[in-house]
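# Working through the structure, step by step
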There are 2 protein chains.
Amino acid sequence: MPRQGTKIRTVMEAIRTRIAARTYPPDARLPSVRALAKNMQVSVSTVVEAYDRLAAEGVIGARAGSGFYVLGHAAPLALAHIGPPRERDVDPLWVSRQSLEAADAMPKPGCGWLPASWMDVDGLRSALRAVARADGAVLADYACPLGLPALRELLARRMAAVGIEVPAEQIMLTDSGTQALDMVCRFLLEPGDTVLVDDPCYFNFQALLRAHRVQVVGVAYTPQGPDIAAFAACLQQHAPRLYITNSGIHNPTGGTLSASTAHRLLQLAEQAGMVVVEDDIFADFEVQPAPRLAAFDGLARVIHIGSFSKTVSASLRCGYIAARADWIDSLVDLKIATSFSGGFLAAQVVRTVLTQSGYRKHLEALRARLARERDRAVERLGALGITPWLVPRAGMFLWCRLPDGIDAARLARASLQEGVVLAPGNVFSPSLSARNLMRFNVSQLTDSRVFDVLAQALHQMRTAP
Amino acid sequence: MPRQGTKIRTVMEAIRTRIAARTYPPDARLPSVRALAKNMQVSVSTVVEAYDRLAAEGVIGARAGSGFYVLGHAAPLALAHIGPPRERDVDPLWVSRQSLEAADAMPKPGCGWLPASWMDVDGLRSALRAVARADGAVLADYACPLGLPALRELLARRMAAVGIEVPAEQIMLTDSGTQALDMVCRFLLEPGDTVLVDDPCYFNFQALLRAHRVQVVGVAYTPQGPDIAAFAACLQQHAPRLYITNSGIHNPTGGTLSASTAHRLLQLAEQAGMVVVEDDIFADFEVQPAPRLAAFDGLARVIHIGSFSKTVSASLRCGYIAARADWIDSLVDLKIATSFSGGFLAAQVVRTVLTQSGYRKHLEALRARLARERDRAVERLGALGITPWLVPRAGMFLWCRLPDGIDAARLARASLQEGVVLAPGNVFSPSLSARNLMRFNVSQLTDSRVFDVLAQALHQMRTAP
């Protein structure tokens with residue numbers, strides 16, 4: 001019986017996905033029970049039951065004598081219903097919500113940011129006081145559509161330092177790095193398109209792509225970037241429209257793109273006519289700059305995005321997109337249509353922080369602190385049999401294998417009951433092939449209670465599986 | 001020849017719209033030349049020429065012996081190509097870009113906001129200084145997904161004051177009012193859906209809806225809200241999914257929803273199963289509160305959105321959505337997926353301004369100033385033969401008819417050459433039936449140069465048509 005139940009759910013999810021992707025548009029007739037059963041290699045009774053349940057949910061409806069039809073507006077977009085079926089609790093949105101909704105005092109080794117006490121809060125205070133004295137237009141007016149010129153010029157200089165030649169007019173500010181990616185997706189994707197991501201990748205890429213009703217395909221990630229043979233095969237098989245990656249410090253593994261991988265990846269992308277989005281959100285953590293795809297490609301088919309949420313402030317919403325001039329012009333229209341320009345204020349505060357002498361010193365201290373905490377975390381996790389897949393050169397993440405084949409989602413649920421938020425591997429894995437892996441944030445591992453909770457939960461799982 | 005040229009463009013636009021709305025999905029075969037000619041009541045040669053031009057643009061392609069097909073990824077989303085054909089320069093994005101990109105010193109009677117010098121800049125300065133002393137988490141951390149609890153509680157009290165009963169847990173903060181509407185559209189709409197707006201309506205509603213690839217239908221607006229008979233006919237004919245309006249101070253007319261229109265409109269919406277979005281962005285300009293649809297309906301099918309861009313600051317990005325509890329929960333997922341939560345900072349500054357005693361006094365002075373400038377503008381525009389469609393009770397807008405049937409887009413282009421940004425009627429009109437109307441912002445009419453430019457341009461048009 002459980003196998004029959006699983007099959008019914010699989011059929012239901014497949015139909016939901018096709019409805020969401022408009023493969024079955026509203027009012028379309030669904031395949032006959034017999035045809036779908038054959039096509040999905042399940043029994044006729046499984047399909048009958050799946051159709052009945054979807055009809056009960058109001059997703060589809062029966063018409064006398066002519067089968068089942070997609071109901072026009074059965075349900076508003078529910079992200080949980082798009083994409084492959086996932087174990088409850090390890091949905092990509094699970095970690096986000098747990099981390100963002102957690103009480104301040106809760107240890108969150110599963111979250112993707114530094115504790116506020118690690119940030120340059122003094123620099124933020126002085127920048128806010130400086131901006132409080134700025135011109136009235138900075139405080140009260142809309143910004144020009146591209147955003148604060150002085151910050152765009154600063155960004156152009158910062159990019160030049162890592163080899164990306166781009167004038168300030170080809171940089172558009174956004175409200176966040178995620179919003180930058182969202183706008184690029186709106187600009188380039190249509191429902192039903194295929195998008196390539198790393199496997200594993202930042203879980204919110206998957207949540208965002210679901211909202212765009214596209215198909216997500218993962219390519220195996222190595223410590224030097226995507227596996228090039230697998231990458232070539234994916235282009236051949238799926239003809240993806242877009243590939244999204246982190247070149248600098250990869251989330252969740254902490255890997256770094258090598259120059260040879262970058263070169264081959266871009267050759268393949270060019271042959272396939274595919275656009276590449278490089279999310280550079282962790283740039284300021286780097287000890288030595290990694291190769292940037294945007295530098296190799298000169299922004300011909302690479303779109304470079306980023307933000308300062310991780311290194312300046314997550315409370316100040318400010319990200320950016322650097323891209324081809326013609327694309328930036330269309331993105332300005334899209335920005336106006338969907339968020340009516342932006343303001344100068346957050347950009348001015350970010351710019352002030354970035355140009356204060358204290359920021360550079362803050363970053364140096366931060367990198368050293370992360371290195372120390374990384375070493376300590378490797379040791380303390382190691383004592384529990386939790387071993388890193390890679391010890392990264394920089395950044396806050398450690399992507400680790402759990403001992404004895406323990407299921408990361410189970411460990412995360414058990415730890416949550418003890419007040420510790422973890423990030424189980426499968427939320428990062430489009431193929432759900434990381435059930436034994438876990439991402440740890442070393443800056444959130446300083447509370448030794450976390451290790452007590454982990455030790456206890458691991459012990460219980462070993463003794464009562 | 002011009003008539004043939006117009007017909008070709010009409011056919012091209014119709015095909016582009018159907019491709020954008022996925023009525024013709026990628027790789028779909030287009031109708032035969034003969035069938036489309038018959039269907040659109042044009043000649044075969046018109047369709048042949050339209051197909052040829054679209055093929056030259058790379059939108060469609062020919063396959064030997066089997067007609068034309070939609071090319072998979074001919075072009076990324078270009079907002080200019082979605083929606084009905086419009087005269088160049090009166091695209092809804094035209095006014096936004098002209099206003100946002102204009103030099104500070106340029107008079108902008110076409111823009112939709114107050115000059116920075118009219119805003120409570122002192123209040124903003126003191127709020128920024130106060131927030132500079134806040135807890136580190138406020139300055140550096142992500143906010144909880146719904147946004148700053150204290151601002152949501154304040155919003156709940158403000159809404160209660162106009163009869164909208166909603167707990168703070170059913171209010172979600174966004175980065176702007178436009179982003180609030182964008183999220184609602186993503187949640188409720190699918191490409192190809194129909195959305196009802198007022199005719200005229202805020203031009204950016206149309207730009208935003210284009211980005212969602214939906215069909216926009218306008219309903220004639222009266223000084224008391226939409227024309228109810230026309231509204232009922234639209235529901236019957238188009239079965240729209242959504243109706244978007246301003247209840248308080250309508251943009252661009254300055255009209256106010258009456259209680260009887262509100263009541264009948266909601267009855268019709270209920271019968272039709274349609275959702276209503278009420279954009280309350282001008283609330284703080286009101287002298288006497290208008291009926292709110294959200295108050296009548298108790299947030300059953302009305303979604304109430306707003307922001308403080310017009311009355312506190314456009315530079316601080318902060319808007320909100322109040323809706324049914326189950327919808328808010330799904331909207332939180334969408335917010336995380338598309339902008340990864342938000343920050344506390346802008347919300348904290350907005351809250352501080354709103355609760356300062358100076359804000360109330362500022363608003364009182366502002367309303368009085370707007371009333372004075374409205375009277376003055378009516379008089380000075382009247383001297384040029386420009387007459388208001390309605391003299392509104394509150395707000396910054398005057399929706400005016402031009403003398404002698406003069407074309408507003410021509411007047412706007414002529415004035416732009418003299419450095420004055422205007423908002424011609426047709427950017428607000430989905431049916432393009434407002435070519436003789438113009439929206440003026442009375443707060444941006446204090447520079448007498450504007451009237452000189454208008455007088456001269458009107459004179460030239462009358463003498464050299």
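Residues numbered from 1 in each chain as written. Chains lettered and ligands numbered in written order. Predicted model: local features only at pLDDT ≥ 70, side-chain atom pairs only at ≥ 80, totals over all residues. Heavy atoms only, no water.

## Examining the overall build of chain A
A count of helical and extended segments in chain A gives 17 helices and 14 strands. Relative to a compact globule of 465 residues, whose C-alpha radius of gyration would be 23 Å, chain A shows 24 Å and is just as compact. Oriented by its inertia axes, the alpha-carbon framework of chain A measures out at about 75 × 55 × 45 Å. Of all 465 residues assigned to chain A, the portion counted as buried reaches 63%. Restricting the contact set of chain A to residue pairs at least 6 apart, pairs at least 24 apart contribute 74%. About 17000 Å² of surface is accessible on chain A, with carbon and sulfur atoms providing 50% of the total. With 49 positive and 43 negative side-chain charges, chain A shows a separation of 4 Å between the mean positions of the two kinds. (Helix = DSSP H or I, 4+ residues; strand = E, 2+ residues; numbered from the N terminus. Rg over C-alpha atoms; globule rule 2.2 N^0.38 Å. Buried < 20%, exposed > 50% of the residue type's maximum accessible area, 1.4 Å probe, protein only. Contact = heavy atoms within 4.5 Å. Areas by Shrake-Rupley, 256 points an atom, 1.4 Å probe, with all protein chains shown as cover. Lys, Arg positive; Asp, Glu negative; His and termini not counted. Charge placed at Lys NZ, Arg CZ, Asp CG, Glu CD.)

## Describing the pairing of strand β9 (residues 302–307) of chain B
Residues and elements named next belong to chain B. Counting buried residues along β9, 6 of its 6 residues qualify, which places the element largely inside the surrounding structure. By the alternation rule, side chains of β9 split into Val302, His304 and Gly306 and Ile303, Ile305 and Ser307, which are all buried. Relative to β9, strand β8 (residues 275–279) runs parallel, the two being bridged by 4 bridges. The residue of β9 that forms the bridge with Val276 is Val302. Note that β9 and strand β10 (residues 319–322) share 4 bridges and pair antiparallel. Residue pairing in the sheet places Gly306 in a bridge with Tyr320 of β10. (Pairing = 2+ DSSP bridges.)

## Some words on the relation of the copies chain B and chain A
Expressed as a screw transformation, the operator carrying chain B onto chain A has a rotation angle of 180° and an axial translation of 0.0 Å, and the superposed copies differ by an RMSD of 0.1 Å. Taken together, the rotation and translation relating the two chain copies correspond to the operation of a two-fold axis. Across chain B, the smallest distance between a C-alpha and the rotation axis is recorded for B:Arg129, namely 2.9 Å. A share of 100% of interface residues in chain B that are also interface residues in chain A marks the association as one of identical surfaces. (Least-squares fit on C-alpha atoms with pLDDT ≥ 70 in both.)

## Here's the deal with the sheet that holds β9(B)
All names here are of chain B. Taking strand neighbours across the sheet as the criterion, the 8 strands line up as β3-β10-β9-β8-β7-β4-β5-β6 in an open arrangement whose pairing is mixed. Two strands in the sheet have a free side with no partner beyond their single neighbour: β3 (171–174) and β6 (225–226). In the sheet, β3 pairs with β10 via 4 bridges, with the strands oriented antiparallel. Each bridged residue has a counterpart across the sheet, and for Ile171 the counterpart in β10 is Ala322.

## Quick word on the interface of chain B and chain A
Note on interface size: it is often stated as the accessible area lost on association of the parts. On the side of chain A, 75 residues touch chain B, which itself brings 75 residues to the contact. Inspection of the chain B/chain A interface yields 8 salt bridges. Where A:Arg97 meets B:Asp333, a salt bridge forms, and the shortest distance between an N and an O atom there is 2.9 Å. Across the chain B-chain A interface, the total number found is 36 residue pairs in polar contact (both at pLDDT 80 or more). (Salt bridge = Lys/Arg side-chain N within 4 Å of Asp/Glu carboxyl O. Polar contact = N/O pair within 3.5 Å; in protein donor to acceptor, adjacent residues only side chain to side chain.)

## Some thoughts on the sheet that holds strand β13 (residues 423–424) of chain A
Residue and element names in this part refer to chain A. Taken in spatial order, the 4 strands line up as β11-β12-β14-β13 in an open sheet, and their pairing is antiparallel. With one partner strand each, in any of the chains shown, β11 (387–388) and β13 form the two edges of the open sheet. As judged from the 5 bridges shared by strand β12 (residues 397–401) and strand β14 (residues 437–441), these two strands associate in the antiparallel manner. Paired with Trp399 across the two strands is Arg439, which belongs to β14.

## Quick notes on the nonpolar core
Residues A:Ile321 and B:Ile321 are the most contacted members of the largest nonpolar core, which totals 293 residues. Not counting residues up to four positions away in its chain, the partners in contact with A:Ile321 are A:Gln170, A:Ile171, A:Met172, A:Thr174, A:Ala180, A:Met183, A:Val184, A:Ile303, A:His304, A:Ile305, A:Ile328 and A:Leu331. (Core = buried A, V, L, I, M, F, W, Y, C linked by side-chain atoms within 4.5 Å.)

## A word on the environment of A:Ser45
Residues and elements named next belong to chain A. Here Ser45 lies in helix α3 (residues 44–56). For Ser45, a relative accessible area of 44% gives the class partly exposed. Spatially, the C-alpha atoms of Ser45 and Val138 are 65 Å apart, while their sequence positions differ by 93 residues.

## As for the domain arrangement of chain A
Residues and elements named next belong to chain A. When cut into domains, chain A gives domain 1 (2–76), domain 2 (92–118 + 359–463) and domain 3 (121–356). The C-alpha-based centres of domain 2 and domain 3 are spaced at 25 Å. The interface is formed by 31 residues belonging to domain 2 together with 36 residues belonging to domain 3. Between domain 2 and domain 3, roughly 2700 Å² of surface is buried when both sides are summed, and carbon and sulfur atoms account for 64% of that area. Linking domain 2 with domain 3 are 0 salt bridges, by the criterion used here. Linking domain 2 with domain 3 are 11 residue pairs in polar contact (both at pLDDT 80 or more), by the criterion used here. Counting only elements with at least two residues in the side of domain 2 that touches domain 3, the list comes to α4 (92–101), α15 (357–383) and β12. Looking at which element gives the most residues to the side of domain 2 that touches domain 3, the answer is α15, with 7 residues. In the side of domain 2 that touches domain 3, the residues fall into 20 nonpolar, 7 polar and 4 charged. (Domains from an automatic or database assignment. Buried area = accessible area lost by both parts, 1.4 Å probe. Nonpolar A, V, L, I, M, F, W, Y, C, P; charged D, E, K, R; others polar.)

## Quick word on unusual backbone geometry
All names here are of chain A. The residue after Asn251, namely Pro252, is reached through a cis peptide bond having omega 10°. Within the element layout of this structure, Pro252 appears in the loop between β7 (242–245) and α11 (259–272). Positive phi, normally seen in glycine, also occurs at Phe340, with a value near 40°. Residue Phe340 is classed as buried on the basis of its relative accessible area, which comes to 4%.

## Topic: the pattern of salt bridges
Scanning the entire structure with this criterion turns up 29 salt bridges over all chains. Between B:Arg435 and B:Asp407 there is a salt bridge whose closest N-O contact spans 3.1 Å. Note that B:Arg435 is positioned in the loop between β13 (423–424) and β14 (437–441) and B:Asp407 in the loop between β12 (397–401) and α16 (408–417), a separation of 28 residues in sequence. Looking at B:Arg435, the relative accessible area reads 41%, which means it is partly exposed. Several salt bridges converge on common partners, so that one network encompasses A:Arg97, A:Glu101, B:Asp329 and B:Asp333.

## Comments concerning the packing of aromatic side chains
Given two aromatic rings, one states the distance between the centres and the angle between the planes to describe the pair. According to the stated counting rule, one finds 27 aromatic pairs over all chains in the structure shown. Seen from their ring centres, A:Phe282 and A:Phe285 are 6.4 Å apart, and the 35° between their planes marks the pair as tilted. Judged by relative accessible area, which is 6%, A:Phe282 ranks as buried. Following the ring pairs from residue to residue traces out a cluster consisting of A:Trp113, A:Tyr202, A:Phe203, A:Phe205, A:Trp399, A:Phe428, B:Tyr142 and B:Phe340. Of note, A:Arg369 hangs over the ring of A:Trp118, and the distance from its end group to the ring centre comes to 3.9 Å. (Phe/Tyr/Trp six-rings, centres within 6.5 Å; stacked < 30°, edge-to-face > 60°. Lys NZ or Arg CZ within 6 Å of the ring centre and 35° of its normal.)

## Brief notes about the packing of helix α13 (residues 325–339) of chain A against helix α9 (residues 203–211) of chain B
Describing two packed helices takes the angle between their axes plus the distance from one axis to the other. Following both chains from N to C, one finds α13(A) and α9(B) inclined at 115°, their axes separated by 8 Å at the closest point. On the basis of the axis angle, α13(A) is roughly perpendicular to α9(B). Once α13(A) is placed against α9(B), the crossing between them reads as left-handed. Touching A:Leu334, A:Ile336, A:Ala337 and A:Thr338 of α13(A) are B:Asn204, B:Ala207, B:Leu208 and B:Ala211, all from α9(B). Along the lines of polarity and charge, the residues of the contact of α13(A) with α9(B) split into 6 nonpolar, 2 polar and no charged. (Axes fitted to C-alpha atoms, helices over the stretch in contact; angles between N-to-C directions. Parallel < 35°, antiparallel > 145°, perpendicular 65-115°, else oblique. Left-handed = near helix turned anticlockwise from the far one by under 90°.)

## Side note on the environment of B:Arg374
Considering the arrangement of structural elements, one finds B:Arg374 in helix α15 (residues 357–383). C-alpha of B:Arg374 to C-alpha of B:Cys185: the two residues are 189 residues apart in sequence and 34 Å apart in space.

## Examining the side chain of A:Asp120
Residue and element names in this part refer to chain A. Mapped onto the elements of the fold, Asp120 is located in the loop between α4 and α5 (121–132). Polar contacts involving the side chain of Asp120 include one to the main-chain amide nitrogen of Gly123, which spans 3.1 Å. Residue contacts for Asp120: discarding those within four places in its chain leaves Val353, Gly358, Tyr359 and His362.

## Re the side chain of A:Asp175
You can see A:Asp175 is positioned in the loop between β3 (171–174) and α8 (177–188). An unpaired buried charge is present at A:Asp175: no salt bridge exists, and B:Arg317, the closest side chain of opposite charge, is 5.0 Å distant. Beyond its immediate stretch of four places on either side in the chain, A:Asp175 contacts A:Arg317, A:Cys318, A:Gly319, B:Asp175 and B:Arg317.

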